[in-house]
Structures are given as C-alpha cells and as structure tokens.
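Report on the structure
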Amino acid sequence: MGEEKKSGGCMGWFIVLIVVGAIALALGFTLRNKFHHDDDGDSPVPGPPGPVAQKYGDALKIALQFFDIQKSGKLVNNEISWRGDSGLDDGKEASLDLSKGMYDAGDHMKFGFPMAYTATVLSWAILEYGDQMNKANQLDSAKDSLKWITDYLINAHPEPNVLYIQVGDPDIDHSCWDRPEGMTEKRPLIQINASTPGTEVAAETAAAMASASLVFKSSDSTYSSSLLKHAKELFTFADKHRGSYSENIPEVQKYYNSTGYGDELLWAASWLYHATKDQTYLDYVVGSNGETYANWGSPTWFSWDDKRPGTQVLLSRVSFFDSKAATDASLKKYKKTAEAVMCGLLPKSPTATSSRTRSGLIWISDWNALQHPVASAFLAVVYSDYMLTSRAQKIQCDSASFSAKDLRKFALSQANYVLGDNPMKMSYLVGYGDKYSQFVHHRGASIPADATTGCKGWQWLESDQPNPNVAMGALVGGPFLNESFVDDRNNSMQTEPSTYNSAAIVGLLSGLVTTSSVATSFT
C-alpha cells in the first residue's frame, strides 16, 4: 500500500511539471511573437531588432562597400586599396567645390538626377531600418555614404535658383578608359536656373535634401537644418520655374532622359511634409497637383525616372500612422494605388504582373534588369512592415487577400535570386558567395592600381583576364529574360553596376537583415 501511494504521488508531481512546462513554453512563444516576426508568418507588432540573419547581414556589409568604391574627392579613412583621391578640381571653373559626390556607374560621370535619387532612397532606407542597420553594425557606413553625396549636393546649389546637375561630358568621358585617379580629360559643368529650368532634377534634389535632413536631425542638427533649407529652396525653384531638363538640355537625353517632372514634384513635397509636418506640402500632393500627376489607380515601376510608386508607399505611411490625415480622400487614393502596386508584385495575386522570368524575378528591361525587381522588393518589404506595425491584417487584390507575410515572402524571393538562388547559380552582388561576375564593366576595377594608361587604356577593357580589382558590393545589371548572363566587360547592359541600384539593394537587405517595428513618425 505504502509503495503504491509513493508511486502515485511521483506520477502526480510529474504531471504537474509537464503542465507547468507547457504553460511556460506557451508564454515564451507568445512573448517571442509579441516582439519579433520571422520570415514564415505574421505576428503582432514587432519590437526592437531581433537576431541578425547572417546571410543578409553579410550581403548588406558587402553592398555598402560599393559606395566607397564610387566616391570622388579627397578620400577619408579609405579602405579600398585600389582607390585614391580623384576629381579634386571638379567645380573649379565655377569657383565651387564639387569634388565629392559619387561616380554614376562604371564611368566617371557625376549625373545629378540619379545621384540625388540614390541619396533619397538611401535616406529612406536609413529612416525605416536604421535600427536594423545598427544591429548589423552598418548604420555608420550608410550615413557616411549618404553624407558624401549630400555634401556635394549642398555645394552644387550655390543660389536658390541655380543647381549644377552634371560634372563631366559623357561623350568625352566615354572616349576614355582610365582610372579616376588619373583622369586628364576636361570635366565641364551643366547647370539649371530660372531661364533654363530642370524641374525633375531640382525636385529630386529637394527630396534628397529633405529626407537626409531627417537622417541627420538627431546627430547633427546644424547640418540637418542646412539640408532642409536647401530642400525648401529647391522645391520652390522646381515648382515655380517648371520645365523638363530633358527638353531644355537635350544632350542629357542620351543617358538619363526624363519622361516627366510631375512625379518628382509629388515625391519632393511628400518628403518635405515628413521633414517639416507643414500642412502646405501635404495639401500640395492631395490637391490639384495630385489630380494632375499622381495617376491614381495605375501602378508603375519605381525607378530613377518614375517616383510615383515610391510616393504612393511613402504617403501610405501617413494613412497608416496618422489617424487625422488618413481620412483624406486623396490620401486614400495614394494608398489604394500603393496596394495595387503590391498586388501586381505578388505572384499569386489575380492582378499579378506577367513581367517575370520563369524563376519569378520581376523583369522589365534588358538594360539594367535588376533595377526594377530590387526597387520593387524594397517597396514591398517597407509596405509589409507598415502593415505589421499598424496591425493591418490584409490587402485586397480583387477577389483574393494577402498578408504582410506574403509581401515579405515576395521581397525575400527577389533578394535570394540576386544572391544566388537563380538558374545561373551565381550572385549578382559582386563579392557575395563563391560565384559572381569577374568582368564587371567598371574602369577602376578593370585597371591595375599601378598602371599608367592615360586616357586610352583600352587594353584593360578588352582584356580576357578577370578584373584585377574586385568591385565589392557592385550590383551588376543582371540577367536576360531567359535568365542567362554573359560575363563580359564589354557587355555593359548586364555587367555594369550603378549607385542608384546599390541604394535600392541596401534598402532591401536592411529590411530583411532582421525584424523590428518601423517608426510611426520620422520626426
């Protein structure tokens, strides 16, 4: 009898321990879900950044290095062994210091339009995911790269109605194959002003300045105020003196031809609203300018030329997190169009775009094919985090509904394709993984650092040997529609990188490197 009682008592305590353990596990799982979501499902609002996903953390560190490779001017704390000072006399003909900034791609041009877009997207990435960058120890690097561009943009705007938008002549520049450190060719300047306006470039530069002012607001209030002053002046200039830079300066059409300036005006006003909370800027985008330029209900592709999808997502932030403004009918149209953009990206949506490769990569163009999937994936991860933070459950795509998890899954698919999950089994991010482009179309990477070439170093372009210098972090143009890739230095449509694509991949990777709530306000 006594032994039976003892045995029964032990069994009872054992059951109690199992129940308590189960409760503890359930509580732990609940708390985990309260603070973090993972790639496999939605959860309530995430809190501080979770663990860093090494894959995306490594890729983010590599991607940011390309900005260092592209820097012009007197370099500071330079860690790129084959890069040195260059472009030190840029701007001198106008008594300006335009030595900083970044070279556009594989050449040595400073094109103000895509450079300003690069700064705006990089600022946006920092504002949304700065805590996640910091968790991956990459925030300082991102801010340093941003400031290298905004220092240049400030100097390029010496008067309220004057903006220098280009350093170098592309015809002269492209007639040479040399290292930037050894450039001897002439580098003339192009400006826009009241009599020769360029609304899209002035407005994009205003967007860059306004967004960057938010990035530096807490760490350098004086610099932030200067950026905001320039942003306001440039927006006024862009709006008051309307005219396309492509029409007024026809020579720019060959490289960065603008299809219109209305999207840049809305984009700049949206960023100025976030930077100032001045209702005037919000009224600008929801009033007649919105009616004229927003193209509500018609999704397009986010790029250096078309800011409408970015504006739609950015203004959706207002609808998600500002209950007073969210009732505005025009703001609802921006959010509805942003949802239409998302629905087009989701592969199982009834309105999914057919512009994809067989493996699922968004694909729009032979030239610079990765621009659109990477930029689209960045918007998708941002929108998914708006949904999570605001506790929005679903978006409706005709008869089907989708969650933040679905958007994040799409973003992951595009990032993973870039990083090697593709038919070529190669990474399109140079320096990541074991297989990546060895023949990047990039002058500095293709010429040994100790070579003396003058302007005519064409033997290095034509060389059948891999580049002597690795262009770490370069996001090359990408695959053809049939998902093939020809790794040839002369194949610039596939092997040339650009700084604006780097900004988008940095934003995408920053959104995927870990998870956290997005701030409900940038200020």
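As the structure is a computational prediction, the values presented were derived from the model and not from experiment. (Residues numbered from 1 in each chain as written. Predicted model: local features only at pLDDT ≥ 70, side-chain atom pairs only at ≥ 80, totals over all residues. Heavy atoms only, no water.)

Some points on the nonpolar core
- In terms of nonpolar packing, the biggest core is built from 157 residues, with W124, W271, M342, Y383 and L508 touching the most fellow members.
- Residue contacts for L508: discarding those within four places in its chain leaves V374, A377, F378, V381, A411 and A415. (Core = buried A, V, L, I, M, F, W, Y, C linked by side-chain atoms within 4.5 Å. Buried < 20%, exposed > 50% of the residue type's maximum accessible area, 1.4 Å probe, protein only. Contact = heavy atoms within 4.5 Å.)

Side note on the side chain of E128
- Considering the arrangement of structural elements, one finds E128 in helix α3 (residues 112-135).
- Here Y386 takes part through its side chain, which lies 2.5 Å from a polar atom of the side chain of E128.
- When sequence neighbours within four positions are dropped, the list of residues in contact with E128 reads R317, V382, Y386, V518 and F522. (Helix = DSSP H or I, 4+ residues; strand = E, 2+ residues; numbered from the N terminus. Polar contact = N/O pair within 3.5 Å; in protein donor to acceptor, adjacent residues only side chain to side chain.)

Things to note about the side chain of D107
- Examined against the element boundaries, D107 turns out to sit in the loop between α2 (54-70) and β1 (110-111).
- Of the side chains bearing the opposite charge, R443 lies closest to the buried D107, which forms no salt bridge; the N-O distance is 5.4 Å.
- There is a polar contact of 2.8 Å between the side chain of D107 and the side chain of H174.
- Setting aside residues up to four positions removed in sequence, D107 forms contacts with D173, H174, R443 and E496. (Lys, Arg positive; Asp, Glu negative; His and termini not counted. Salt bridge = Lys/Arg side-chain N within 4 Å of Asp/Glu carboxyl O.)

Let's talk about the pattern of salt bridges
- Summed over all chains, the structure comprises 21 salt bridges.
- Residue D144 is joined to K71 by a salt bridge in which the shortest nitrogen-to-oxygen separation is 2.6 Å. Here the residue D144 occupies a position in helix α4 (residues 139-155), and K71 occupies one in the loop between α2 and β1, the gap between them amounting to 73 residues.
- The exposure class assigned to D144 is partly exposed, which follows from its relative accessible area of 37%.
- Here E291 ties to K333 by a salt bridge, and the two come within 3.9 Å at their closest N and O atoms. Separated by 42 residues along the polypeptide, E291 in helix α12 (residues 288-293) and K333 in helix α14 (residues 329-345) bring together distant segments of the chain.
- K333 gets classed as partly exposed once you look at its relative accessible area, which sits at 35%.
- Via salt bridges that share partners, D68, K71 and D144 belong to a single interconnected network.

Remarks on the state of the cysteines
- Going through the model one piece at a time under the given rule, you end up with two disulfides.
- Shown here is the disulfide that connects C176 with C455, its sulfur atoms set 1.8 Å apart. Taking the sign of the S-S torsion, about -95° here, the bridge from C176 to C455 comes out left-handed. Taken together, the residues C176 in the loop between α5 (170-173) and β3 (189-192) and C455 in the loop between α17 (443-446) and α18 (458-462) connect sequence positions 279 residues apart.
- When the cysteines engaged in disulfides are numbered in sequence order, the protein chain pairs them as 1-4, 2-3. (Disulfide = S-S within 2.5 Å.)

Some points on α2
- The first and last C-alpha atoms of α2 sit 26 Å apart over 17 residues, in line with the 24 Å expected at 1.5 Å per residue.
- Residues of α2 that are buried: Y56, G57, A59, L60, I62, A63, L64, F66, F67, I69 and Q70.
- On the buried face of α2, the contacting elements are α3, α4, α16 (404-418) and α20 (499-512). (Expected span 1.5 Å × (residues − 1).)

So, the packing of α3 against helix α6 (residues 199-215)
- Between α3 and α6, whose axes approach to 8 Å, the crossing angle comes to 25°. Taken together, the axes of α3 and α6 are roughly parallel relative to one another. As α3 runs across α6, the sense of the crossing is left-handed. On the side of α3, the interface is formed by G112, F113, A116, Y117, A119, T120, S123, I126 and L127, while α6 contributes E200, V201, E204, T205, A207, A208, S211, A212, L214 and V215.
- Broken down by class, the residue content of the contact of α3 with α6 amounts to twelve nonpolar, five polar and two charged. (Axes fitted to C-alpha atoms, helices over the stretch in contact; angles between N-to-C directions. Parallel < 35°, antiparallel > 145°, perpendicular 65-115°, else oblique. Left-handed = near helix turned anticlockwise from the far one by under 90°. Nonpolar A, V, L, I, M, F, W, Y, C, P; charged D, E, K, R; others polar.)

Side note on the packing of aromatic side chains
- Within this structure, the stated rule accounts for 27 aromatic pairs.
- Each ring, one from F321 and one from Y386, has its centre 5.8 Å from the other, and the planes form 80°; the classification is edge-to-face. Here the residue F321 occupies a position in helix α13 (residues 308-321), and Y386 occupies one in helix α15 (residues 371-390), the gap between them amounting to 65 residues.
- Their ring planes at 75° and their centres at 5.3 Å tell us that Y428 and F485 sit as a pair that is edge-to-face. (Phe/Tyr/Trp six-rings, centres within 6.5 Å; stacked < 30°, edge-to-face > 60°.)

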